[in-house]
Amino acid sequence: MSSEGVFFFLWEKLIFMNDRRLFAVLSCLILVAIGSANEAKRPNFLFVLVDDQSPFDLKVYNARSSLDSPVIDRIASQGMVFDGAYHMGSWSGAVCTPSRHMIMSGRTVWHLPRRGAGKRGAGSRTSSAPGNLADNTLAAVFNRAGYDTMRTCKNGNSYAAANEKFTVSRTATKRGGTEETGSAWHADQVLDYLSDRNSNAPFLIYLGFSHPHDTRDGTQDLLTKYGAVNHRDRDSLPPSNSRQPSLPVNYLPAHPFHHGHPGLRDEVNVSGVWERRDPQTIRNELGREYACDENIDRQIGRVLKRLERMGELENTYVIYTADHGMAIGRHGLQGKQNLYQHTWRVPLIVKGPGIEPGSRAEGNVYLLDVLSTLCDLADIQPPATNEGQSFRPVLDGDRETVRDVLYGVYCGGTKPGMRCVKKGDWKLIKYDVMDGSVRETQLFNLQQNPHEFLAEHHASVVTRLMGDNEVPKANQRNLADDPRYAAKRQELEALLLSEQRRLDDPYRLWDQPQD
């Protein structure tokens with residue numbers, strides 16, 4: 001009943017009573033009832049996490065994309081798109097493992113419960129995380145604040161102790177092409193939960209999808225739409241089809257030097273791709289990716305429609321993101337174990353109460369900022385273990401970014417691995433891999449070279465393949481060895497070392513002080 005309805009209902013009762021004491025009591029009850037009815041409802045949260053998706057799959061980030069994602073497009077038009085959202089990196093080939101730990105705990109990459117390595121040569125796997133960290137993760141914090149918490153997601157490569165804190169958890173890996181074996185299953189778990197729920201408490205729902213992570217077995221109608229097949233024969237190429245997505249703008253047939261992780265599954269053993277980087281294979285795999293992406297979009301739409309029918313959608317923050325990006329042919333790579341923008345960045349779109357529709361911001365946020373931000377939006381004190389920063393000031397339109405400098409790491413292969421740092425338009429990537437036989441530095445001005453074109457992108461054998469795609473300009477290349485940018489490189493080299501020290505990175509690169 002509305003506050004006005006409560007008032008008139010009780011007032012009618014008073015009119016027919018002539019007891020002054022009862023009148024006084026009921027008058028107080030009216031004030032309490034009206035106050036309770038007018039008390040602002042605490043917001044709900046629908047946190048959507050997809051597995052292995054580059055932001056450049058989506059039209060909201062890449063106008064050239066042929067992916068149809070009307071639900072995600074609508075969320076973007078009703079909320080805010082972040083152009084600078086990142087995962088901090090990984091010490092494991094399973095990049096999703098530290099990424100999901102960071103989401104749940106708000107901890108930085110070297111302060112997590114599991115770590116892939118310790119100090120150089122020490123062989124340590126010691127943890128820099130407090131022993132009770134799981135009690136201060138996303139679901140545990142919201143449970144204590146009186147929220148109902150529910151999660152559905154894939155099995156494994158996550159933070160099991162944090163996942164167990166959800167009051168309802170329905171977990172299975174679903175990467176098939178049917179309703180029971182694919183993304184529809186995850187949406188069904190949320191819909192069943194909402195149907196069975198008998199509570200007036202606000203809710204936090206974690207809707208995790210197993211796709212578009214490989215194996216990318218899409219539904220048949222969407223595979224047909226994107227001209228793709230679930231290719232199984234390692235000894236042959238998939239058929240070409242004009243409906244397949246175009247090659248990525250920064251496609252290469254091979255990366256110019258070794259990525260540093262020999263035998264890496266994502267680079268040599270993904271079904272349908274394996275070690276192939278030819279255009280036919282890459283376009284077919286992108287078609288499979290898009291088929292999975294659009295099916296996820298459909299499933300999110302089902303959940304949003306249910307929330308709308310329940311009258312809960314307007315009071316629900318919807319957060320859409322991925323655990324990390326993905327290459328699929330970009331820079332000649334296939335997986336998620338690199339620090340180019342297509343893989344280091346993640347999509348991040350947020351709609352909800354008070355967020356200006358159709359807005360965009362750079363943000364400079366990490367996935368580890370999610371915990372503190374949701375706490376901020378729910379008026380909950382974040383736990384003392386949290387190291388993230390709330391990006392609510394960006395959502396409120398008060399700030400453009402929450403930090404100036406961003407750091408990234410990948411060292412799940414040979415050590416010390418890859419590092420990157422970004423400040424403003426400038427980004428530095430360094431590689432110290434393969435026992436010192438590969439030592440490379442890349443410097444990009446992302447305003448002038450947003451696709452991080454290399455010299456290899458200028459080769460005629462590559463430009464002929466790109467058709468109507470953007471052809472690199474002369475200045476769109478790695479600037480690390482250009483003497484005109486020596487001062488900028490030196491500045492970013494120093495900044496990278498500073499971030500490594502600040503974040504307790506246990507490794508140093510070949511040309512850094514070995515402290």
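Residues numbered from 1 in each chain as written. Predicted model: local features only at pLDDT ≥ 70, side-chain atom pairs only at ≥ 80, totals over all residues. Heavy atoms only, no water.

### A look at the overall build of the protein
Across its full length, the protein holds 15 helices and 15 strands. The buried share among the 515 residues of the protein stands at 59%. Sequence-distant contacts, at least 24 apart, represent 69% of the contacts inside the protein between residues at least 6 apart. As presented, the protein carries roughly 20700 Å² of accessible surface, and 49% of it is formed by carbon and sulfur atoms. (Helix = DSSP H or I, 4+ residues; strand = E, 2+ residues; numbered from the N terminus. Buried < 20%, exposed > 50% of the residue type's maximum accessible area, 1.4 Å probe, protein only. Contact = heavy atoms within 4.5 Å. Areas by Shrake-Rupley, 256 points an atom, 1.4 Å probe, with all protein chains shown as cover.)

### Brief notes about the sheet that holds strand β15 (residues 438-445)
Taken together, the 5 strands give an open sheet; going across it, the order is β4-β12-β13-β14-β15, and neighbouring strands pair in mixed fashion. The open sheet is flanked by β4 (89-90) and β15, the only strands paired with a single partner. In the packing of helix α15 (residues 486-502) onto the sheet, the strands contacted are β12 (405-410), β13 (417-423), β14 (426-433) and β15, and the crossing angle to β14 comes to about 65°. (Pairing = 2+ DSSP bridges. Axes fitted to C-alpha atoms, helices over the stretch in contact; angles between N-to-C directions.)

### What about helix α4 (residues 96-105)?
Of all the 10 residues making up α4, 10 are buried; the element is thus mostly covered by neighbouring parts of the structure. For α4, the complete set of buried residues consists of Cys-96, Thr-97, Pro-98, Ser-99, Arg-100, His-101, Met-102, Ile-103, Met-104 and Ser-105. Of the residues trailing α4, Gly-106 is marked for its positive phi of about 70°.

### Quick look at the packing of aromatic side chains
Tallied over the entire structure, the rule returns 12 aromatic pairs. With centroids separated by 4.7 Å and ring planes inclined at 80°, the aromatic side chains of Phe-257 and Tyr-431 adopt a geometry described as edge-to-face. With Phe-257 in the loop between α8 (220-225) and α9 (265-268) and Tyr-431 in strand β14, the pair connects residues that are 174 residues apart, well separated along the chain. We classify Phe-257 as buried; its relative accessible area is 15%. Assessed through its relative accessible area of 3%, Tyr-431 is described here as buried. Here a set of aromatic residues connected by ring pairs shows up, and it is made of Phe-45, Phe-142, Tyr-147 and Tyr-317. (Phe/Tyr/Trp six-rings, centres within 6.5 Å; stacked < 30°, edge-to-face > 60°.)

### Comments concerning the sheet that holds strand β9 (residues 348-351)
A sheet is described by the order of its strands in space; here 8 strands give the open sequence β6-β5-β7-β1-β8-β9-β2-β10, paired in mixed fashion. Edge positions in the open sheet fall to β6 (168-171) and β10 (359-361), since each of these has one partner strand only. With direction set aside, neighbouring strand axes in the sheet form an average angle of 10°. With 6 bridges connecting them, strand β1 (residues 44-51) and strand β7 (residues 203-212) associate as parallel partners. Bridged to Val-48 within β7 is Leu-207. Helix-sheet contacts for helix α7 (residues 183-196) involve β5 (148-153), β6 and β7, and the interaxial angle to β7 is about 165°. Lying on the sheet, helix α12 (residues 370-378) is in contact with β1, β7 and β8 (316-322); it crosses β1 at an angle near 160°.

### Thoughts on the packing of α7 against helix α10 (residues 279-309)
Each pair of packed helices can be summarised by the angle the axes make with each other and by the distance between the axes. In contact at an axis separation of 9 Å, α7 and α10 are set at 10° when each is read in the N-to-C sense. It follows that α7 is roughly parallel to α10 by the angle criterion. Where α7 abuts α10, its residues Ser-183, Ala-184, Ala-187, Asp-188, Val-190, Leu-191, Leu-194 and Ser-195 lie against Asn-295, Ile-296, Gln-299, Arg-302, Val-303, Arg-306 and Leu-307. Taken together, the residues of the contact of α7 with α10 sort by class into 8 nonpolar, 4 polar and 3 charged. (Parallel < 35°, antiparallel > 145°, perpendicular 65-115°, else oblique. Nonpolar A, V, L, I, M, F, W, Y, C, P; charged D, E, K, R; others polar.)

### Concerning the packing of helix α3 (residues 70-78) against α10
Contact geometry of α3 with α10 gives a least axis separation of 7 Å together with a crossing angle of 60°. Taken as axis vectors, α3 and α10 run oblique relative to one another. Across from Pro-70, Val-71, Ile-72 and Ile-75 in α3, the residues of α10 making contact are Asp-297, Ile-300, Gly-301 and Leu-304. Residue composition of the contact of α3 with α10, by class: 6 nonpolar, 1 polar and 1 charged.

### Structural notes on the pairing of β7
Summarising burial for β7: 10 of the 10 residues are buried, a large majority. Inspection of the sheet shows β5 paired to β7 by 5 bridges, in the parallel sense. Bridging from a neighbouring strand, Thr-152 pairs with Leu-207 of β7.

### Let's talk about the nonpolar core
By size, the foremost hydrophobic cluster in this structure holds 53 residues, and its most contacted members are Met-88, Val-109, Trp-110 and Tyr-407. Put simply, the parts of the chain that give this core at least two residues each are α10, β12, β13, β14, β15 and α15. Look past the residues within four positions of Tyr-407 in its chain and what remains in contact with it is Met-88, Val-109, Trp-110, Trp-344, Tyr-366, Arg-419, Cys-420, Leu-496, Glu-499, Gln-500, Leu-503 and Asp-505. (Core = buried A, V, L, I, M, F, W, Y, C linked by side-chain atoms within 4.5 Å.)

### As for the confidence of the model for the protein
Parts of the prediction with low pLDDT should not have their coordinates interpreted in detail. Overall, the prediction assigns the protein a mean pLDDT of 92, with 90% of residues at 70 or greater. Every residue in residues 29-38 scores below 50 in pLDDT, and together they form 11 contacts with partners more than four places removed in sequence or on other chains. Counted against residues more than four places away or in other chains, residues 116-124, with its pLDDT under 50, gives 16 contacts. (pLDDT = per-residue confidence, 0-100.)

### Describing unusual backbone geometry
With an omega dihedral of 0°, the bond running from His-211 to Pro-212 counts as a cis peptide bond. You can see Pro-212 is positioned in strand β7. Cis geometry marks the peptide bond from Asp-214 to Thr-215, where omega comes out at 5°. Positionally, Thr-215 belongs in the loop between β7 and α8. You will see that Asp-504, though not glycine, has its phi angle at about 65°, which is positive. Inspection of the secondary structure assignment puts Asp-504 in the segment after α15.

### Here's the deal with α3
One turn of the α-helix equals 3.6 residues, which is why residues spaced by three or four share an orientation. Inspection of α3 places Val-71, Ile-72, Ile-75 and Ala-76 among the buried residues, and these make up the whole buried set. In a view along the axis of α3, the buried residues occupy a sector of 140°, so they form one face of it. (Arc of directions from axis to C-beta.)

### A closer look at the side chain of Arg-288
The topology assignment puts Arg-288 in helix α10. Here Arg-288 falls in the buried class, since its relative accessible area comes to 0%. Engagement of the side chain of Arg-288 in a polar contact is seen with the backbone oxygen of Arg-216, the distance being 3.2 Å. (Polar contact = N/O pair within 3.5 Å; in protein donor to acceptor, adjacent residues only side chain to side chain.)

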